[in-house]
Amino acid sequence: SEAQTVLRMFGACEAAVAALRAFPREAVVWQRACGGMAVLANRHAGCQEALSAAGASAVVLEGLQVFASSRLVSQACCGAIAALALGHAENEQRLGAMGACGLVVDVMARFCGKKAVQYHACRAVTALATAHAGNVEALRRAGACEAVKEALRLGGPDWKLCLAAEDASRAVSYTHLT
């Protein structure tokens, strides 16, 4: 599509990762750039690969560590993890190997009463557990089953959170054959 061509021409994926590297301590840059990466990866063909090639996985996980106390950065990072991993087995495996499973569960515990964070973290859990049995085990060891149950309780009438939590619960409950 025309939008995809424009995004590639101007290097939107590379620019998002470069912004994070250029402003390593600016929370608002991280929040917006990670949010932008999630949109790019979710909506535009080829952006998952372009973001991966630019080093997005490592940078996003760094954000979860550097800005551990920031609800908004943690939420955006979890959204980016979900978008990078969902339907992309190589990214899913890479993120798991880099410690994403434990970091996402830590976010769920740290911001247990925040619905938006829980929604994006549940999506990340689902994306990380979809095709990689090692990630499922890492999520279980990190306490994802309990964290997802808490998110489901918190969801109440929030159907988006409830659906995300149910998907995450299924993802960490099944034993994968791969």
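Quick caveat, the model's predicted, so the values are computed rather than measured.

A. Highlighting the overall build of the chain. When helices and strands are counted, the chain shows twelve helices and zero strands. For the chain, the sequential pattern of α-helices and β-strands runs α-α-α-α-α-α-α-α-α-α-α-α. Against the globule reference of 16 Å for 178 residues, the chain gives a C-alpha radius of gyration of 15 Å, in line with a compact fold. Dimensions of the chain, computed from the C-alpha atoms along their principal axes, are close to 45 × 35 × 30 Å. Here the chain, with 178 residues, has 47% of them falling under the buried criterion. Positive and negative side-chain charges in the chain, numbering 17 and 14 respectively, have mean positions lying 5 Å apart.

B. Examining helix H12 (residues 159-173) more closely. End to end, H12 covers 21 Å across 15 residues, agreeing with the expected 21 Å (1.5 Å per residue, within 8%). When H12 is considered as a whole, its buried residues turn out to be Leu161, Cys162, Ala164, Ala165, Ala168, Ala171 and Val172. Looking at the buried side of H12, the elements it contacts are helix H9 (115-129), helix H10 (133-142) and helix H11 (144-155). The backbone nitrogen of Lys160 lies 3.3 Å from a side-chain oxygen of the residue at the head of H12, namely Asp158.

C. Examining the pattern of salt bridges more closely. In this structure the tally under the stated criterion is four salt bridges. The residue Arg140 makes a salt bridge to Glu137 at a minimum N-O spacing of 2.8 Å. Separated by three residues within a single helix, Arg140 and Glu137 lie in helix H10, roughly one turn from each other. Overall, Arg140 belongs to the partly exposed group, its relative accessible area being 26%. The partner of Arg153 in a salt bridge is Glu150, with the nearest N and O atoms 2.2 Å apart. Remark: Glu150 and Arg153 occur in helix H11; sequence separation between them is three residues, near one turn of the helix. Residue classification places Arg153 among the exposed residues on the basis of a relative accessible area of 57%.

D. The arrangement of the environment of Val66 in detail. Among the secondary structure elements, Val66 is positioned in helix H5 (residues 56-66). Placed 42 residues apart in sequence, Val66 and Pro24 show a C-alpha to C-alpha distance of 8.5 Å. When near neighbours in sequence (up to four residues on either side) are disregarded, Val66 contacts Pro24 and Arg25.

Conventions we followed
- Residues numbered from 1 in each chain as written.
- Predicted model: local features only at pLDDT ≥ 70, side-chain atom pairs only at ≥ 80, totals over all residues.
- Heavy atoms only, no water.
- Helix = DSSP H or I, 4+ residues; strand = E, 2+ residues; numbered from the N terminus.
- Rg over C-alpha atoms; globule rule 2.2 N^0.38 Å.
- Buried < 20%, exposed > 50% of the residue type's maximum accessible area, 1.4 Å probe, protein only.
- Lys, Arg positive; Asp, Glu negative; His and termini not counted.
- Charge placed at Lys NZ, Arg CZ, Asp CG, Glu CD.
- Expected span 1.5 Å × (residues − 1).
- Contact = heavy atoms within 4.5 Å.
- Polar contact = N/O pair within 3.5 Å; in protein donor to acceptor, adjacent residues only side chain to side chain.
- Salt bridge = Lys/Arg side-chain N within 4 Å of Asp/Glu carboxyl O.

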